[in-house]
Amino acid sequence: MNFHEHKKDILAISAISAIIIAITLLLLNIDLKVGVYYVRDVFFYLNNALFYAGYDVGLTDTRGLSPLIPMITSIFFRMGFVSDGTIIIVSSAFYIFSALGMYFLLRLRFDEVLSFTGSMLLSTFPLIIVWVTKGMLDIPGLCFSIWSVYFMMLAFRKSTKYFYIAFPLVIFGCFTRYTVFLMVPVLLIQFFLMENPVSYIKNNIKDILIGIGLGTAVFAAFIGIFQYLNINLFFISQGQGISQSTQAVINTTYNNIFYYKNNFLIYLSTQSFIPYSLKPGAYIINEMRWIGGHPSKMAYILMAILIIGLVLYLKKLFSSENRKIMKNEKLKLIIFIIGFAIFLFTFIKISIILSIIIVSISLLVLYRALYKTDIEYFSFDFIMICWFVINFAFFTYHQIKVDRYFIPMLPAVAYFIVLSIEMIFDKLKNIQYMDKIKIIVPIALICIILLCSGIYAMKNSPRTFDNQMPPNFETAASEEKAVGEWLVNHDPQYQNKTIWADRGGDMSFILKMNILPYEKVSNESNFTDEMVKNHVDYFIAKDNKTINEPYEKIYQNGEVNLYAYKNK
């Protein structure tokens, strides 16, 4: 690579790497101390990692969850690094690659400064910062989504050999987090954005088939591993269950279709989100208030940029010249309107797969009606629209609404913020010193966001961030570990005993054996009798006060108590 030719790219990539690594290390410094105690799903992945590392720890019901991150973690387990911190470090590494992937993706459309801005925007959105070092699958899944779209675009713009990478990457993503399958229609729809899709496929059929074949080989390899280990493909059936559900099935208290729309400002920037927020709660739109905090001033600035950009984009799209082109495409526009109306009226009344097919076809018809208009990179803009709409439709349909489910949509949000900035600059291109302004303003924006993020992080300690957090927030994980270590040291035969626990997943990982969770029933009056009937030797309680004779407390560390059957 010629340094002088790519000097700006090298500087941008170096700056992104330095900043993102610094953020990662700061967050790791917090979460490696706190542990994964309050994100219970991570213990499923940790137990699965133990299984892939050769430990037969039970918990067979969770082994069918998305396997890639547990498999990677298991490699380090085999090397001796058996700790919940291992999966935290493994998953956080994908944050760095997500930031770099976003930069390379944006460079297909924008200059170095705006691409740097978009990458940093994505990397500093509150939802991203919150989940970087929690050991969950959302950031790794996001990483594979970004890179698969990037290589797919390279395949269409530079060399069809990139199909060899794009298809396998999206399959790896699907086995990282099952919702990455939503990127499949985003990838495939690009074939229909070509001037003559049939001719393009026919001319490049060899590389397309090789790419699909490699993706199929990756898929087959994972299925083969699951079959060999006799594991149920739970994460695939989980996606099928959601896709086949209808409103009649998913009519629950979580089914608020406006949840993500109402919380959108919080996802841009907020004062009480970093870095400890797990459940930000409901957003009261009429009071412009979030339960647990408020959108920061930066959220309103970014929202204003988006709105101005949208107005400018629509103004350009519907210019007099473009309206002449649209007059010849009235039929396609009518089909789009009808198709989109069907999507809206049938949404959550039919399966999500049908809804996604309807909206994808509708958007594709719109593209075929408008692609001849005078909008540079219109196909790129359209792909990002599809990315957002398909994910937004799926997660709005999903019966459970949690804020981290908005993470897959954030690359599109960052993209349209950057696009809006570019359009604003283009509108003001004749003012003095515009060349310098185009550099100073985006970088200043990122500096302000980084400064605010740092201030908010320092202001919000684990004890002040969420009223629901108990006093022992920072020590809860270590208390569990201490109880587990004490039992191991005082009873070498513990694995041959019957052990129950309030938090079975946690203790299964700590003690490396199958321990069922009983937190929901351990406070019932007859629970002690149930333990006697089942010949339970030990019970590990989290702040439990109802365990009676013949069990006695033999050890306590903080809020965690170890009970043993007296006669044994």
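Residues numbered from 1 in each chain as written. Predicted model: local features only at pLDDT ≥ 70, side-chain atom pairs only at ≥ 80, totals over all residues. Heavy atoms only, no water.

A few points about the overall build of the chain
Summing up its helical and strand segments, the chain has 25 helices and 6 strands in all. Burial status across the chain gives 54% buried among its 568 residues. In the chain, the proportion of contacts linking residues at least 24 apart, taken out of those at least 6 apart, comes to 71%. Total accessible area on the chain stands at roughly 26,000 Å², and carbon and sulfur atoms take up 62% of it. (Helix = DSSP H or I, 4+ residues; strand = E, 2+ residues; numbered from the N terminus. Buried < 20%, exposed > 50% of the residue type's maximum accessible area, 1.4 Å probe, protein only. Contact = heavy atoms within 4.5 Å. Areas by Shrake-Rupley, 256 points an atom, 1.4 Å probe, with all protein chains shown as cover.)

Quick notes on the sheet that holds strand S5 (residues 551-557)
Working definition: the strands of a sheet are paired by backbone hydrogen bonds and lie parallel or antiparallel to each other. In spatial order, the strands read S3-S4-S6-S5; together these 4 strands make up an open sheet with mixed pairing. Each end of this open sheet is capped by a strand with a single partner; those strands are strand S3 (499-501) and S5. Averaged over neighbouring strand pairs, the angle between their axes works out to 20° when direction is ignored. Across 6 bridges, the pairing between S5 and strand S6 (residues 560-565) is antiparallel. In the sheet register, Lys 553 faces S6, and the bridge partner there is Tyr 563. (Pairing = 2+ DSSP bridges. Axes fitted to C-alpha atoms, helices over the stretch in contact; angles between N-to-C directions.)

What about the confidence of the model for the chain?
With 87% of its residues at a pLDDT of 70 or more, the chain shows a mean pLDDT of 85. Ignoring residues within four places in sequence, the model shows residues 274-292, a span with pLDDT below 50, making 59 contacts including any to other chains. Contacts from residues 460-468, a stretch scored under 50 in pLDDT, to residues over four places away or in other chains number 18 contacts. (pLDDT = per-residue confidence, 0-100.)

Comments concerning the side chain of Thr 62
Within the secondary structure, Thr 62 is located in the loop between helix H2 (41-52) and helix H3 (68-78). You can call Thr 62 buried: its relative accessible area is 12%. The contact partners of Thr 62, leaving out residues within four places of it in the chain, are Phe 44 and Asn 48.

Side note on the layout of surface pockets
Over the atoms rolls a probe the size of a water molecule, and in doing so it shows where empty space is left. Quantified by volume, the largest pocket comes out at close to 1,400 Å³. Lining the largest pocket are 47 residues; nearest its centre among them are Leu 310, Ile 385, Phe 388, Val 389 and Phe 416. Those elements that place two or more of their residues in the lining of the largest pocket are helix H13 (259-262), helix H14 (264-268), helix H15 (297-317), helix H17 (330-346), helix H18 (352-370), helix H19 (378-397) and helix H20 (410-427). At 9 residues, the largest contribution of residues to the lining of the largest pocket is made by H19. Class assignment for the residues of the lining of the largest pocket results in 40 nonpolar, 4 polar and 3 charged. (1 Å grid on protein atoms, 1.4 Å probe; cavity = no way out; pocket = protein on both sides within 12 Å on 5 of 7 lines; lining within 4 Å. Points joined across faces, edges and corners; volume = space filled by probe spheres on them. Nonpolar A, V, L, I, M, F, W, Y, C, P; charged D, E, K, R; others polar.)

Digging into helix H8 (residues 163-174)
Compared with an ideal rise of 1.5 Å per residue, which puts 12 residues at 16 Å, H8 spans 17 Å between its outermost C-alpha atoms and is within 8% of the ideal. With respect to burial, H8 is a largely interior element, 9 of its 12 residues being buried. The set of residues buried in H8 consists of Phe 163, Ala 166, Phe 167, Pro 168, Leu 169, Val 170, Ile 171, Gly 173 and Cys 174. (Expected span 1.5 Å × (residues − 1).)

Some details on H15
Taking 1.5 Å of rise per residue, the 21 residues of H15 would be expected to cover 30 Å, and the 30 Å separating its terminal C-alpha atoms lies within 8% of that figure. Where H15 is concerned, the buried positions are Met 298, Ala 299, Leu 302, Ile 305, Leu 306, Gly 309, Leu 312, Tyr 313 and Leu 317. End-on, the buried residues of H15 take up no more than an arc of 160°, which puts them together on one face. For H15, the exposed residues lying more than 90 degrees away from the buried face are Lys 297, Val 311 and Lys 315. (Arc of directions from axis to C-beta.)

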